[in-house]
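Structure at a glance
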Amino acid sequence: SKEHIFITNVNNIVVLIKKDNVKEFLKFKKLIEIPTFNDIQDYVSFDIRTGIYNVEKDDTVKNAIEKSLIALYMAEHVYKKEELVFTEEMEKNIIKEQMVLSLFPKALNNEEFVVFYQPKIDLETNSIYGTEALVRWQKDGKIIPPGEFIPILERENILYQLDFYV
């Protein structure tokens with residue numbers, strides 16, 4: 001119903017709560033501490049990230065949970081925030097990111113990445129003292145700017161594959 005929202009956290013615990021109780025729930029989750037085995041007075045605190053989705057009238061449970069998980073992923077990996085509310089833009093970004101990740105191995109294999117060398121010039125002597133390698137992804141006759149794929153490859157820790165290619 002429109003009175004409820006789905007909330008997910010890093011451990012994939014899903015909570016359905018009334019919208020009126022969201023602030024109270026978010027305060028409560030920050031208080032979670034667990035005693036360690038070594039010393040009863042020693043506690044471990046958790047950095048719990050939360051993805052929030054406002055349930056719409058016609059949402060299925062599956063759809064609502066998926067959208068809260070998208071918000072969770074973005075909170076943890078992109079925005080580095082404790083909690084984040086789902087937006088349609090997030091879903092578009094996730095789809096784009098998944099497309100980049102699925103096309104990347106084939107693009108490397110097909111040599112779709114083009115390297116341009118930009119000279120570095122010493123302004124005092126007006127002479128070239130080196131170059132900088134700039135990579136562009138040439139796909140289907142179009143150039144994909146590095147801002148659309150480099151951050152994704154960095155986040156997934158696979159940028160080194162492109163480095164080796166260059």
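The coordinates are above.
Residues numbered from 1 in each chain as written. Predicted model: local features only at pLDDT ≥ 70, side-chain atom pairs only at ≥ 80, totals over all residues. Heavy atoms only, no water.

Together, I121, L123 and I128 make up a nonpolar patch on the protein surface, roughly 360 Å² of accessible area in all. Looking at the secondary structure, you find I121 in strand 7 (residues 113-122). (Patch = residues over 30% accessible without salt bridge, like charges linked within 9 Å, V, L, I, M, F, W, Y side chains within 5 Å. Areas by Shrake-Rupley, 256 points an atom, 1.4 Å probe, with all protein chains shown as cover. Salt bridge = Lys/Arg side-chain N within 4 Å of Asp/Glu carboxyl O. Helix = DSSP H or I, 4+ residues; strand = E, 2+ residues; numbered from the N terminus.)

Here the focus is the sheet that holds strand 7. Strand order in this open sheet of 3 strands is 7-8-9, and the pairing throughout is antiparallel. Strand pairing shows two members of the sheet lacking a second neighbour, strand 7 and strand 9 (142-144), which therefore form its edges. Averaged over all pairs of adjacent strands, the angle between strand axes in this sheet comes to 45°, irrespective of strand direction. As paired elements, strand 8 (residues 127-139) and strand 9 share 3 bridges and run antiparallel to each other. Bridge assignment links Q138 to a residue of strand 9, and that residue is I143. Here helix 3 (residues 88-109) sits on the sheet and contacts strand 7 and strand 8; the angle it forms with strand 8, its principal contact strand, is near 115°. (Pairing = 2+ DSSP bridges. Axes fitted to C-alpha atoms, helices over the stretch in contact; angles between N-to-C directions. Contact = heavy atoms within 4.5 Å.)

None of this, on its own, says anything about what the molecule does.
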